[in-house]
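Topology and contacts: notes
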Amino acid sequence: MDGVVEGNPHLFLGSRLKRLGDRMQADAAAFTGQAGLSVPPGLFSVLATLDAQIELSVGALASALGVTQPSMTKAVTKLADAGLVAVSRPAADRRQAIVALTETGIHAVAVGRRSIWPMVDAAVQEVTHDLPGSFIAQIAEIERRLDARSISERASSKIAVDLQPATDDALPAIAALLNRAYRGADSGAGWNSEAALIDGDRTTVALLHQERSDYPDATLLVWRFGEAIQGCVWLKPEGDGDGDGDWYLGSLAVDPRLQNGGAGRRLLAAAEAWARARGGTRIRMTVVHVRDTLIAWYARRGYRPTGDTEPFPYADERFGRPKRPDLHFIVLTKSLAEERG
């Protein structure tokens with residue numbers, strides 16, 4: 001149902017534009033957060049202006065961006081609180097506030113230019129491409145497109161999945177990601193959570209260290225975006241070393257904020273490509289037998305049950321505390337040979 005603003009599109013055009021602008025800025029800030037940066041919504045333009053000018057007064061910043069000085073004062077305060085800018089007052093005129101980027105601010109702009117802005121730009125172009133009708137109709141269409149798929153989701157879908165072997169200093173972030181994705185119980189945990197079946201952590205830093213030590217031929221891979229780890233996967237060659245091409249895949253996880261944007265599919269495809277490039281011809285994995293939604297998701301990616309099962313480690317609480325007594329794993333496999341070339 002249309003609200004008052006939509007029902008009076010010309011009378012409340014300014015309110016509608018402000019609402020749309022706030023929505024897009026907040027969504028872009030959420031995407032920035034996925035890269036591990038914390039920049040207040042709508043204020044990256046202030047950082048970019050300072051990056052080009054070294055330092056500016058609050059008044060000059062307001063003039064450069066076409067906003068009022070009081071609103072720029074509020075913006076600078078938010079950026080200073082975030083540690084992104086520093087404010088000084090010259091001895092000659094203590095009334096004047098001079099604003100400059102801190103090292104954290106310089107780094108944020110560098111990451112923004114390299115990793116964030118091109119994807120947000122592409123996402124907004126996608127939303128605004130080939131808009132039909134009058135200006136009012138175009139605004140309504142932009143809102144409809146954002147309702148269907150946010151700027152953050154559109155931008156996230158453009159992040160290249162470049163898998164790299166995990167370093168030891170990344171293990172705390174990987175453990176946190178796995179626990180959030182697999183055992184998170186809050187509304188932001190994502191559809192992949194198994195918290196309804198198993199209590200406790202999915203893994204720990206100590207367990208990750210131990211697995212890497214126990215299986216030196218396996219590789220824990222991470223997908224980074226900016227400062228943050230977006231996903232991870234564990235790949236291990238199986239067999240007796242005769243080149244049979246079987247690989248085990250486990251610990252596949254993406255940041256729950258990306259789960260509705262196809263990130264899981266792209267991460268799985270990148271993991272399969274990584275194994276295929278190293279002679280892999282078949283992937284094997286295990287899934288808790290009652291996780292029907294996850295099993296169906298893998299089935300759509302070409303994985304089929306073999307009929308084999310494996311016991312759940314009830315005696316080892318390092319992997320969590322099951323809430324029911326009948327859990328076990330089913331084995332799924334997929335041939336990679338047919339996808340070569």
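Sequence order as written defines residue numbering, which begins from 1 separately in each chain. In keeping with the model being predicted, local features are shown solely for residues with a pLDDT of at least 70 and side-chain atom pairs are shown and tallied solely at 80 or more, while totals for entire chains, interfaces and linings include all residues. Calculation of side-chain values draws on the structure's entire complement of heavy atoms; hydrogens and water are dropped beforehand.

This brings us to the overall build of the chain. The way it works is that DSSP assigns letters per residue, a run of H or I at least four long becomes a helix, a run of E at least two long becomes a strand, and they are numbered from the N terminus. Looking only at helices and strands, the chain has 12 helices and 12 strands in total. In terms of overall dimensions, the chain has a C-alpha envelope of 75 × 50 × 45 Å along the principal axes. Here the term buried applies to any residue with accessible area under 20% of the maximum for its type, exposed to any over 50%, and partly exposed to those in between, with areas from a 1.4 Å probe on protein chains only. The proportion of buried residues among the 341 residues of the chain is 45%. When checking whether two residues touch, look at their non-hydrogen atoms; a contact exists if any pair is within 4.5 Å. Residue pairs at least 24 apart in sequence account for 64% of intrachain contacts in the chain once pairs closer than 6 positions are excluded. Computed with a 1.4 Å probe, the accessible areas rest on the Shrake-Rupley method; for each residue, only the protein chains presented here act as cover. About 17,200 Å² of surface is accessible on the chain, with carbon and sulfur atoms providing 52% of the total. In this count, Lys and Arg are taken as positive residues and Asp and Glu as negative ones, while His and the chain termini are left out. We put the charge of a Lys on NZ, of an Arg on CZ, of an Asp on CG and of a Glu on CD. Computed over 39 positive and 42 negative side-chain charges, the inter-centroid distance for the chain is 5 Å.

Turning our eyes to something else, we now look at the pairing of strand S10 (residues 304-311). For S10, a buried count of 0 out of 8 residues is recorded, marking the element as mostly open to its surroundings. With 5 bridges connecting them, S10 and strand S12 (residues 328-335) associate as antiparallel partners. In the strand pairing of S12, Glu310 is matched with Phe329. Note: two strands are recorded as paired if DSSP finds a minimum of 2 bridges between them.

Let us look at the layout of surface pockets. If a probe the size of a water molecule is rolled over the atoms, the empty space left behind becomes visible. In this structure, the largest pocket occupies an estimated 1,200 Å³ of space. Whether a set of points on the 1 Å grid over the protein atoms alone is a cavity depends on a 1.4 Å probe fitting there but being unable to get out, while an open set qualifies as a pocket with protein on both sides within 12 Å along at least five of seven lines; lining residues are those with an atom within 4 Å of a point. Forming the boundary of the largest pocket are 49 residues, of which Arg202, Tyr248, Gly250, Ser251 and Thr286 lie nearest the centre. Within the residue set of the lining of the largest pocket, elements represented by two or more residues are helix H9 (171-183), helix H10 (205-214), strand S7 (228-237), strand S8 (246-254), helix H11 (263-276), strand S9 (282-288), helix H12 (292-300) and S10. No other element matches S8, which puts 7 residues into the lining of the largest pocket. Grid points are joined across faces, edges and corners, and a volume is the space filled by probe spheres set on the points.

What follows concerns the nonpolar core. Only buried Ala, Val, Leu, Ile, Met, Phe, Trp, Tyr and Cys residues count toward a nonpolar core, and they belong to the same one when joined by side-chain atoms within 4.5 Å. Membership of the largest hydrophobic core comes to 68 residues, with the highest contact counts inside it found for Leu47, Leu249 and Tyr298. With 8 residues, the single largest contributor to this core is helix H6 (residues 103-128). In contact with Leu47, not counting residues within four places along its chain, are Val39, Leu79, Leu84, Val85, Leu101 and Val109. With 18 residues, the next largest nonpolar core counts Ala170, Ala175, Cys232 and Ala253 among its residues.

It is worth spelling out the pattern of salt bridges at this point. Counted as salt bridges are all cases of a side-chain nitrogen of Lys or Arg within 4 Å of a carboxyl oxygen of Asp or Glu. Summed over all chains, the structure comprises 20 salt bridges. A salt bridge links Glu126 to Arg149, with the shortest nitrogen-to-oxygen separation between them at 3.6 Å. One end of the pair, Glu126, is in helix H6; the other, Arg149, is in the loop between helix H7 (135-148) and helix H8 (151-156), with 23 residues separating them in the sequence. Residue classification places Glu126 among the partly exposed positions, given a relative accessible area of 30%. Of the charged contacts in the structure, one is a salt bridge between Arg212 and Asp168, with a shortest N-O distance of 2.9 Å.

Geometric values such as these leave the question of function open.
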